[in-house]
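So you can see what is in the structure, the chains are spelled out below.
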Amino acid sequence: MIQPAGGIPRAVAILLGLAGAVVVVFGLAAARTVVTPVFFALVLTICAHPVRRGLERRGVPSGLATGSAILAVFAILAGFVTALIVALAQFTTLLPQYATELQAAAAALGDALERLGIGSEQAQVIVDGLEPSRAIELVSALLGGVAGIVFSLVVVLTLLILMAMDAAYGPAILRQIRPRRPALVDALVAYSANVRRYMVVTTALGVAQGALNWIALLVLQVPGALLWGLLSFICSFIPNIGYFIAIVPPLVFGFLSGGWPTVVAVIVVYGVVNAVVQSIVQPKVVGGAVRLSETITFVSVLFWALVLGPFGAILAVPLTLLVRTVLLDADPSLRWWRPATGDLDETKAIAAEMAAERKADRESRTEHRREARRSRP
């Protein structure tokens, strides 16, 4: 059996690594109530760091610059949470108006499922899950947890203050570590820059996307337009599947309020906005900040949602980048694995060379066949 330099068989090393990963994952899942706000505060600190540094370069005292950056970030968070609470409160008064239509649609869906061969009991379970009363209970529970939301904001604010204060010594700490671990320092610096660029760009484009969808839904007179616009903004942080999550509620209420023409209009608007923002603008602006393959990005959303809940899906990209930074980027001997995760700059050049070689080989074989036909009597 092939053994690495340390003498441990490679299969044993792989199994030990997988076992350690399982322990870490279960530990993160068990401590998600702590891990999630800590990592969220870390991402916010990374994003706000240039603001503080910019104020300091303009002569603002360090303490005032740090406080200003923290207050700006927290004001944005508080404004978003306030808008979300208002939208949810409006939704609780709106939903009873369409209770009859929703019940009729749920009954029609149950009949359709039974015609497709699904048992009546299973169909009834699905229909019961679509009852308007269930949605009202869910929203009421969310609104009833305002105290929990406020507590979470206080925790995040406290972490922001502490992390921002500690970040003042960040450059000095990195310089102190660099002589011993230069690869680790370079990896952490690159991670901070990439996460900052990704989150800032995604937030700005998410605001634009949510605002455009909100305005379009207002024009189409879809009930709950503000809430669906906020949902679109939140789902802009969830790669690949966020679009499908965001479009379902406006499709349902668009159908109830305006029928199929409104449904088609919502699909067109959401499709155009999503294609322009996430497929054209975002890749050009973000550039090489992420460099994760589509498969890894999609799997990371499912994985982190399973480990940390819905917030894990929103923070899936920064979390996955952190894992790659610690496991691959910080170890020069393992960086050759980066192309397998989606860093394809050199791979694309190799793929182009291989395509050119295949083309030349096809042309050569074609020419040989032609010469063979010409040489026949």
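Before any of the text, the structure's been laid out above.
In this text, all values refer to a predicted model and were calculated from it rather than measured experimentally. (Residues numbered from 1 in each chain as written. Predicted model: local features only at pLDDT ≥ 70, side-chain atom pairs only at ≥ 80, totals over all residues. Heavy atoms only, no water.)

Draft legend 1. Main features of the overall build of the chain. Counting secondary structure elements, the chain contains 17 helices and zero strands. Long-range pairs, those at least 24 residues apart, make up 70% of the contacts in the chain between residues at least 6 apart in sequence. By element, 70% of the accessible surface of the chain is carried by carbon and sulfur atoms, the whole surface being about 22,100 Å². (Helix = DSSP H or I, 4+ residues; strand = E, 2+ residues; numbered from the N terminus. Contact = heavy atoms within 4.5 Å. Areas by Shrake-Rupley, 256 points an atom, 1.4 Å probe, with all protein chains shown as cover.)

Draft legend 2. The arrangement of the packing of aromatic side chains in detail. Tallying each qualifying case throughout the model produces seven aromatic pairs. Summarising the aromatic geometry, the rings of W336 and W337 are spaced 4.7 Å apart at their centres and angled 35° between planes, so their arrangement reads as tilted. Residue W336 is classed as exposed on the basis of its relative accessible area of 56%. (Phe/Tyr/Trp six-rings, centres within 6.5 Å; stacked < 30°, edge-to-face > 60°. Buried < 20%, exposed > 50% of the residue type's maximum accessible area, 1.4 Å probe, protein only.)

Draft legend 3. Summary view of the side chain of S300. Here S300 lies in helix 13 (residues 294-308). Excluding residues that lie within four positions of it along the chain, S300 makes contacts with A316 and T320.

Draft legend 4. How the structure looks around the nonpolar core. Within the largest apolar cluster, 43 residues are counted, with the highest numbers of intra-cluster contacts made by L44 and M199. Counting residues per element, the ones that place at least two in this core are helix 2 (32-57), helix 3 (62-94), helix 7 (146-167), helix 9 (182-220), helix 12 (260-286), helix 13, helix 14 (310-314) and helix 15 (316-329). If you tally residues by element for this core, the top one is helix 2, at seven residues. Apart from the residues lying within four places of it in its own chain, the contact partners of M199 are V43, C47, F237 and P318. Ranked by size, the runner-up nonpolar core spans 20 residues in total, among them F91, C235, Y243 and I247. (Core = buried A, V, L, I, M, F, W, Y, C linked by side-chain atoms within 4.5 Å.)

Draft legend 5. Expanded view of the pattern of salt bridges. One pass over the structure, following the stated rule, counts six salt bridges. A salt bridge links R52 to E56; its shortest N-O distance comes to 2.8 Å. Remark: E56 and R52 occur in helix 2; sequence separation between them is four residues, near one turn of the helix. Its relative accessible area of 5% is what places R52 among the buried residues. E56 sits in the partly exposed class, given a relative accessible area of 25%. Note that R178 and D186 form a salt bridge whose closest N and O atoms lie 2.7 Å from each other. (Salt bridge = Lys/Arg side-chain N within 4 Å of Asp/Glu carboxyl O.)

Draft legend 6. Structural view of helix 15. In a regular helix each residue adds 1.5 Å, so 14 residues correspond to 20 Å; helix 15 covers 18 Å between its end C-alpha atoms and thus fits that length. In terms of burial, helix 15 is a largely internal element, 10 of the 14 residues being buried. Among all positions in helix 15, only A316, V317, P318, L319, T320, L321, R324, T325, L328 and D329 are buried. Buried-residue contacts for helix 15 involve helix 2, helix 9, helix 13, helix 14 and helix 16 (338-341). (Expected span 1.5 Å × (residues − 1).)

Draft legend 7. Expanded view of helix 12. Helix length check: helix 12, at 27 residues, gives a terminal C-alpha distance of 36 Å against a target of 39 Å (1.5 Å per residue), a fit within 8%. Of all the bends found along helix 12, the most pronounced is centred on A275 and spans about 25°. Of the positions making up helix 12, those classed as buried are T262, V263, V266, Y270, V273, N274, V277, Q282 and V286. Buried-residue contacts for helix 12 involve helix 9, helix 10 (225-235) and helix 11 (242-258). (Bend = angle between axes of the 7 residues up to and from the residue.)

Draft legend 8. Looking closely at the environment of A187. Relative to the elements of secondary structure, A187 occurs in helix 9. Residue A187 is classed as buried on the basis of its relative accessible area of 4%. With residues up to four places along the chain from it excluded, the contact list for A187 reads T325, D329 and A330.

Draft legend 9. Examining a nonpolar patch on the surface more closely. A contiguous nonpolar patch, built from V264, V268, V272, V276, I280, V281 and V285 and spanning about 520 Å² of accessible area, is present on the exposed surface. Secondary-structure assignment places V264 in helix 12. (Patch = residues over 30% accessible without salt bridge, like charges linked within 9 Å, V, L, I, M, F, W, Y side chains within 5 Å.)

Draft legend 10. Highlighting the packing of helix 2 against helix 3. Between helix 2 and helix 3, the shortest axis-to-axis distance is 9 Å and the interhelical angle comes to 135°. If you check the angle between helix 2 and helix 3, you find them oblique. Relative to helix 3, the crossing made by helix 2 is right-handed. On helix 3, the residues that touch F40, L44, A48, V51, R52, L55 and E56 of helix 2 are S62, A65, T66, S68, A69, V73 and L77. (Axes fitted to C-alpha atoms, helices over the stretch in contact; angles between N-to-C directions. Parallel < 35°, antiparallel > 145°, perpendicular 65-115°, else oblique. Left-handed = near helix turned anticlockwise from the far one by under 90°.)

Draft legend 11. The environment of T36, seen in detail. Relative to the elements of secondary structure, T36 occurs in helix 2. Relative accessible area serves as the criterion here: at 11%, T36 is assigned to the buried category. C-alpha of T36 to C-alpha of G309: the two residues are 273 residues apart in sequence and 9.0 Å apart in space. Apart from the residues within four sequence positions on either side, T36 is in contact with L308 and F311.

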